[in-house]
Amino acid sequence: QKFSLGGAPLDSTYGLQIRNDIVASQIHRTEDRIRLDGLPGIGGPIEDSGIDETESAAYAQEAWHPRRWLRAMVGARVDRIDADVNNEAATAVVKPSGYRGATQLSPKLALIVTPVPELDLFANFGQGLHSNDIRTVIVGSATTLIARATGGELGATVRPTKGLSVSAVAFLLDLTSEETIDGDT
């Protein structure tokens, strides 16, 4: 069934996504690219972890074209991340082990004005996420598994000839945090 708003049709898009990453992560002591752990007086790896992270999402978008020169899109995405890390070696210096899960709803909005067929002026706003390294969440240096990202952009696309598009964009992105493991510290 087709829906409309103000006499203009709505174009609906819905979807699901799932991704699973299984990672074996090791950080070793080295000198001149030679692994030192296991030598006399030097223990095992700094870290030896098994990581299992599953990301699943559902999304919906409605596109609306009320005038020849005006388009609008509104959408939302809900993401779920479940992550588990287990220390794999008793000799590891850092032994993160544990589970965390988190969910986030992210809205999206886009407006496109086309004053002439060769020019689009657009404004976009949306939220998304960055997933912090589960090891940093378990050991306490990251406060959350999901770091919210909020962004906006203003831009223009010019089509001077068939088959050629040129765009210019100004954007702002705010990321609440980004925690990573640095094996060299």
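Above this text sits the structure in question.
So, a few notes on the structure that sits alongside this text. (Residues numbered from 1 in each chain as written. Predicted model: local features only at pLDDT ≥ 70, side-chain atom pairs only at ≥ 80, totals over all residues. Heavy atoms only, no water.)

**Notes on the overall build of the chain**
Reasoning step 1: Counting its secondary structure elements, the chain contains one helix and 10 strands.
Reasoning step 2: Each helix (α) and strand (β) of the chain, taken in turn from the N terminus, gives the series β-β-β-β-β-β-β-β-α-β-β.
Reasoning step 3: Scaling as 2.2 N^0.38, a compact globule of 185 residues should have a C-alpha radius of gyration of about 16 Å, whereas the chain reaches 24 Å, well beyond that.
Reasoning step 4: Looking at the 185 residues of the chain, the share that counts as buried comes to 31%.
Reasoning step 5: Long-range pairs, those at least 24 residues apart, make up 59% of the contacts in the chain with a sequence separation of at least 6.
Reasoning step 6: Accessible surface for the chain amounts to roughly 11800 Å². Of this, 57% is attributable to carbon and sulfur atoms.
Reasoning step 7: Once the 17 positive and 24 negative side-chain charges of the chain are each reduced to a mean point, those two points are 10 Å apart. (Helix = DSSP H or I, 4+ residues; strand = E, 2+ residues; numbered from the N terminus. Rg over C-alpha atoms; globule rule 2.2 N^0.38 Å. Buried < 20%, exposed > 50% of the residue type's maximum accessible area, 1.4 Å probe, protein only. Contact = heavy atoms within 4.5 Å. Areas by Shrake-Rupley, 256 points an atom, 1.4 Å probe, with all protein chains shown as cover. Lys, Arg positive; Asp, Glu negative; His and termini not counted. Charge placed at Lys NZ, Arg CZ, Asp CG, Glu CD.)

**Comments concerning the pattern of salt bridges**
Reasoning step 1: Using the criterion set out here, one finds seven salt bridges in the structure.
Reasoning step 2: Across the pair Arg-71 and Asp-120 runs a salt bridge whose closest N-O atoms are separated by 3.5 Å. Of this pair, Arg-71 sits in strand 6 (residues 70-87) while Asp-120 is found in strand 8 (residues 119-131), placing the two residues 49 residues apart along the sequence.
Reasoning step 3: We classify Arg-71 as partly exposed; its relative accessible area is 31%.
Reasoning step 4: Take Asp-120: its relative accessible area is 11%, and that puts it in the buried class.
Reasoning step 5: Of the charged contacts in the structure, one is a salt bridge between Arg-135 and Asp-133, with a shortest N-O distance of 2.6 Å. (Salt bridge = Lys/Arg side-chain N within 4 Å of Asp/Glu carboxyl O.)

**Comments concerning the pairing of strand 7 (residues 98-116)**
Reasoning step 1: Examined bridge by bridge, strand 6 and strand 7 share 16 bridges and lie antiparallel to one another. Following the sheet pairing, Arg-80 is matched in strand 7 by Thr-103.
Reasoning step 2: Looking at chain direction, strand 7 and strand 8 are connected through seven bridges and run antiparallel. The residue bridging Lys-108 from the neighbouring strand is Gly-126, located in strand 8.
Reasoning step 3: Counted along the chain from strand 7 to the antiparallel partner strand 8, the turn is two residues long. (Pairing = 2+ DSSP bridges.)

**Some thoughts on the layout of surface pockets**
Empty space among the atoms becomes apparent when a probe as large as a water molecule is rolled across them.
Reasoning step 1: Approximately 260 Å³ is the volume attributed to the largest pocket.
Reasoning step 2: Lys-108, Leu-109, Asn-124, Phe-125 and Gly-126 are the residues nearest the centre of the largest pocket, which is lined by 22 residues in total.
Reasoning step 3: Per-class residue counts for the lining of the largest pocket are 10 nonpolar, 10 polar and two charged. (1 Å grid on protein atoms, 1.4 Å probe; cavity = no way out; pocket = protein on both sides within 12 Å on 5 of 7 lines; lining within 4 Å. Points joined across faces, edges and corners; volume = space filled by probe spheres on them. Nonpolar A, V, L, I, M, F, W, Y, C, P; charged D, E, K, R; others polar.)

**Some points on the sheet that holds strand 2 (residues 8-27)**
In a beta sheet, neighbouring strands are held together by backbone hydrogen bonds and run either parallel or antiparallel to one another.
Reasoning step 1: Taken together, eight strands build an open sheet; the order of strands is 1-2-5-6-7-8-9-10 and the sheet is antiparallel. Every other strand in the sheet has two partners, leaving strand 1 (4-5) and strand 10 (164-175) as the edge strands with one partner each.

**Regarding the nonpolar core**
Reasoning step 1: Grouped together as the largest cluster of nonpolar side chains are 10 residues: Ile-51, Ile-81, Ala-83, Val-85, Ala-102, Ile-134, Val-137, Ile-138, Leu-145 and Ile-146.
Reasoning step 2: Those elements that place two or more of their residues in this core are strand 6 and helix 1 (134-139).
Reasoning step 3: Excluding residues within four positions of it along the chain, Val-85 makes contact with Ser-49, Gly-50, Ile-51, Pro-96, Ser-97, Gly-98, Ile-134, Arg-135 and Ile-138. (Core = buried A, V, L, I, M, F, W, Y, C linked by side-chain atoms within 4.5 Å.)

**What about unusual backbone geometry?**
Reasoning step 1: For Asp-32, which is not glycine, the phi dihedral falls at a positive 50°.
Reasoning step 2: For Asp-32, the location among the structural elements is in the loop between strand 3 (30-31) and strand 4 (34-35).
Reasoning step 3: Positive phi, close to 65°, is recorded for Arg-33, a residue that is not glycine.
Reasoning step 4: With respect to the secondary-structure elements, Arg-33 resides in the loop between strand 3 and strand 4.

**A word on the pairing of strand 2**
Reasoning step 1: Sheet analysis places strand 1 next to strand 2, joined by two bridges and oriented antiparallel. Along strand 2, the bridge assignment pairs Ser-4 with Pro-9.
Reasoning step 2: Counting the residues that bridge the hairpin from strand 1 to strand 2 gives two residues, and of these Gly-6 lies at a positive phi of roughly 60°.
Reasoning step 3: The sheet contact formed by strand 2 and strand 5 (residues 47-67) spans 18 bridges and is antiparallel. Looking across to strand 5, one finds that Asp-21 is bridged to Glu-53.

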